[in-house]
Amino acid sequence: MSKQLPTQYARLVAGLLLALPLAGFVLLWQRYAVNVPKWDDHALRHFLLLADQAPTLSDKLYQFVKQHNEHRIAYDRIIAWLDYQLTGKLNFRHLMVVGNLSLLGLLLVFVSVLRRAGRPLLYAVPVACLLFNLSQWENMYWGMAALQNFSIMLWVVGAVYYLSYTNRLTTAIGLAVLATLTSGNGLLVWPIGALILFLRLAQPHSTRRPLVTWLLVSGGAIGLYFIGFTKPGDIAYVQASIGTLLGGWFAFMGATAQIVPVTSSLRLCTLLGGLMVLGALVVIGWSGLTHRQAIGRSFRWLAVHPKKRAIASGAVLPPATLFFWGTALFLLITGLVVARARVGFGADLLITSRYKPYSLTLLALLYTYAVVWLGGQLGQWTMRLGILAGLLVGWLSYLSFLDETIWWRHWLLTNQFNWRYSTNRPVEQVDSVTRQYLEPAPAFYTDALSVLFGPVQGSVVPVQVDSSAAGYRITNESLLADPTRGPDAGAYVVARSAKRTYLFPVWQTVVSPVSARFMPGRLFKPGFHADFTRYELAKDTYALHVLIVDPGQPYRLYPTNKTLTSAGPPPDTTSKNW
């Protein structure tokens, strides 16, 4: 009994520590997630319309696999179609839930790797902290992005796991097909899977059949993917030098470091990414040299009939090494491709939240490989330091990205307002197609309509108005409307003309986590700015006001005594394949 108590205690501690980042993730999502489409989300609504209008079954099926930019997003469309069929409306919070659950599946894959190496559940805590934190905010709260950017990680890493550790080829093929139908970089799973199956030829009693089957299926899947494929016409690639490309690649892979409160986060991301890429390549190179006999054996046995092979065991690559190679190659190649396509537009773009799953997963992979191969006290200390670092990452992510998370919710809801109230009266203007497929999210402004469309009262809020070719910025240096008092609390800019009223979110001024003494309640200080593009305002002259939302208090609309004249949106020349 005395021997069981420490084990039970350790399991309890491990369970509590694992639950901590998951619970924080769920609570934050529940507080700020809202059922409003953003950008490509509208393509899913349009897909539902086209699928309903398709006259034949083949036409309907084509709508599921139709190209979307450079991707085939059949998985996203299947989930959206199921949600619509089951609930009667397309709900983007449901899409977020399904996408976010992929992170749980990804965690379970890492747990399985650790358990196969004989490591207790406590060793998985750093992985949970890396996967479930507010660094992921953009994908967390964006339906289509959650489905695509989180799910692709699960499908590819899951396929690599089954190919490395098991003989369940059918399961691995199913995951690879899902990867192909989720995101363009899912195509990488086919050559990576072929490499793993080739390296497993060195194992006793292995046959070429899994490799041949995989190659045949991959040829069909890749061929079908590119049938009718056309390069999107509005995607431009800026040629970058080798040095710029490497810097962008390193920044992409090290984007996790953006949480650290330093002045030059891009430089720190580049440094961390360089170390992570170097570490991954060193592990691949060193393990390749260590297991060169097994690799050579795979080459020799590729041409030898299984019945003629020596049954005696020989050098083989351990499953953990195969798993590391496959996952690392997927992450590193994806990062290099994205860097090549995007670094010409500025390296800062490569450390945005939507790309962070690759950096966080690579960190989790490096940690997992370390504790799998390091035994004894060194492995235990690596685990303990990993837990401390993981918890620190979680807390810093909350402090670093809380303002962006709040702004994201406010931006979505104010966009919903601007779509639905297109006159200067508090009457919704919704087209029949939108009403058929979408249910408007409950919003704070519903109770504030009499204020938004009513007389302006109170003292003047001083603001400065600046315009540029891109749009407008409204700046204040004195007002503090604390956005932590509620999910919709804070200040909003209202632009009113004789024809219509617009509502825009603001960025409340923040201090660094260090200045806030690492407490969320100290993050915000007086002052705000609001940015919106020329696409968002119709041609007119607008009076600017400030709406204050404070839970438990009446809505207040203050004058600024400033106006803004908009020439209207420029013509939209972009082309879409969806």
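Residues numbered from 1 in each chain as written. Predicted model: local features only at pLDDT ≥ 70, side-chain atom pairs only at ≥ 80, totals over all residues. Heavy atoms only, no water.

Peer 1: Explain empty space enclosed by the protein to me, please; I cannot follow it from the model alone.
Peer 2: Over the atoms rolls a probe the size of a water molecule, and in doing so it shows where empty space is left. Summed over the entire model, instances satisfying the criterion amount to three cavities of 30 Å³ or more. Within this model, the largest cavity holds a volume of roughly 100 Å³. Listed by contribution, the elements that provide at least two residues to the lining of the largest cavity are helix 17 (376-420), strand 5 (490-496) and strand 7 (507-510). Top contributing element to the lining of the largest cavity by residue count: helix 17, with four residues. (1 Å grid on protein atoms, 1.4 Å probe; cavity = no way out; pocket = protein on both sides within 12 Å on 5 of 7 lines; lining within 4 Å. Points joined across faces, edges and corners; volume = space filled by probe spheres on them. Helix = DSSP H or I, 4+ residues; strand = E, 2+ residues; numbered from the N terminus.)

Peer 1: Looking at this model, I keep getting lost on the packing of helix 8 (residues 143-165) against helix 15 (residues 319-342). Mind explaining?
Peer 2: Packed helices, taken two at a time, are described by their axes: the angle between them and the distance between them. Viewed as axis vectors pointing N to C, helix 8 and helix 15 meet at an angle of 155°, and their least axial separation amounts to 8 Å. With respect to their mutual orientation, helix 8 and helix 15 come out roughly antiparallel. Helix 15 is crossed by helix 8, and the crossing has right-handed handedness. Each of Ile152, Met153, Val156, Val157, Val160, Tyr161, Ser164 and Tyr165 in helix 8 lies in contact with helix 15, whose residues at this interface are Pro319, Ala320, Leu322, Phe323, Gly326, Thr327, Phe330 and Leu331. (Axes fitted to C-alpha atoms, helices over the stretch in contact; angles between N-to-C directions. Parallel < 35°, antiparallel > 145°, perpendicular 65-115°, else oblique. Left-handed = near helix turned anticlockwise from the far one by under 90°. Contact = heavy atoms within 4.5 Å.)

Peer 1: What am I meant to see in the nonpolar core here?
Peer 2: Proteins that are soluble and globular tend to have nonpolar side chains buried together. Grouped together as the largest cluster of nonpolar side chains are 154 residues, with contacts concentrated most on Tyr141, Trp214, Phe323 and Leu547. In terms of residue count, helix 8 provides more of this core than any other element does, 16 residues in total. Ignoring any residue separated from it by four or fewer positions in sequence, one finds Leu547 in contact with Phe444, Val451, Leu452, Gly490, Ala491, Tyr492, Val494, Leu503, Tyr555, Arg556 and Leu557. Judged by nonpolar contacts, the second largest core, of 21 residues, contains Val461, Ala491, Ala530 and Tyr558. (Core = buried A, V, L, I, M, F, W, Y, C linked by side-chain atoms within 4.5 Å. Buried < 20%, exposed > 50% of the residue type's maximum accessible area, 1.4 Å probe, protein only.)

Peer 1: Help me understand helix 9 (residues 169-180) in this model?
Peer 2: Within an α-helix, residues lying three or four positions from one another point in the same direction, as the helix has 3.6 residues per turn. Over its twelve residues, helix 9 extends 16 Å from the first C-alpha to the last, a length consistent with the 16 Å expected when each residue adds 1.5 Å. Residues Leu169, Ala172, Ile173, Leu175, Ala176, Ala179 and Thr180 constitute the buried set of helix 9. Seen along its axis, helix 9 keeps its buried residues to an arc of 165°; they face one direction. Those residues of helix 9 that are buried lie in contact with strand 2 (71-72), helix 8, helix 10 (189-199) and helix 11 (209-225). (Expected span 1.5 Å × (residues − 1). Arc of directions from axis to C-beta.)

Peer 1: Looking at this model, I keep getting lost on the layout of surface pockets. Mind explaining?
Peer 2: In this structure, the second largest pocket encloses a volume near 550 Å³. If you go around the second largest pocket, you meet 23 residues; those closest to its centre are Leu130, Leu272, Leu363, Tyr367 and Ala389. Those elements giving two or more residues to the lining of the second largest pocket turn out to be helix 6 (125-131), helix 13 (265-290), helix 16 (356-373) and helix 17. Here the residues of the lining of the second largest pocket sort into 19 nonpolar, four polar and no charged. (Nonpolar A, V, L, I, M, F, W, Y, C, P; charged D, E, K, R; others polar.)

Peer 1: How do you make sense of the sheet that holds strand 7 when you look at a structure like this?
Peer 2: The pairing of strands in a sheet happens through backbone hydrogen bonds and is either parallel or antiparallel. Here four strands make up an open sheet; going across it, the order is 3-4-8-7 and the pairing antiparallel. Every other strand in the sheet has two partners, leaving strand 3 (464-467) and strand 7 as the edge strands with one partner each. Going across the sheet, the axis of each strand differs from the next one's by a mean of 25°, ignoring polarity. Relative to strand 8 (residues 524-533), strand 7 is paired through three bridges, and the arrangement is antiparallel. Counterpart to Val510 in the pairing with strand 8 is Phe524. The strands touched by helix 17 within the sheet are strand 7 and strand 8, with strand 7 carrying the most contacts at an inclination of about 170°. (Pairing = 2+ DSSP bridges.)

Peer 1: Any chance you could explain the environment of Asp447 here in plain terms?
Peer 2: Checked against the element boundaries, Asp447 lands in the loop between helix 18 (432-437) and helix 19 (449-452). Put simply, Asp447 and Phe92 are 355 residues apart on the chain and 23 Å apart in space, counted from C-alpha to C-alpha.

Peer 1: I would appreciate a short explanation of the side chain of Thr501 in the present structure.
Peer 2: Counting through the fold element by element, Thr501 comes out in strand 6 (residues 501-505). In this structure the side chain of Thr501 is engaged in a polar contact, spanning 2.7 Å, whose partner is the side chain of Asn424. (Polar contact = N/O pair within 3.5 Å; in protein donor to acceptor, adjacent residues only side chain to side chain.)

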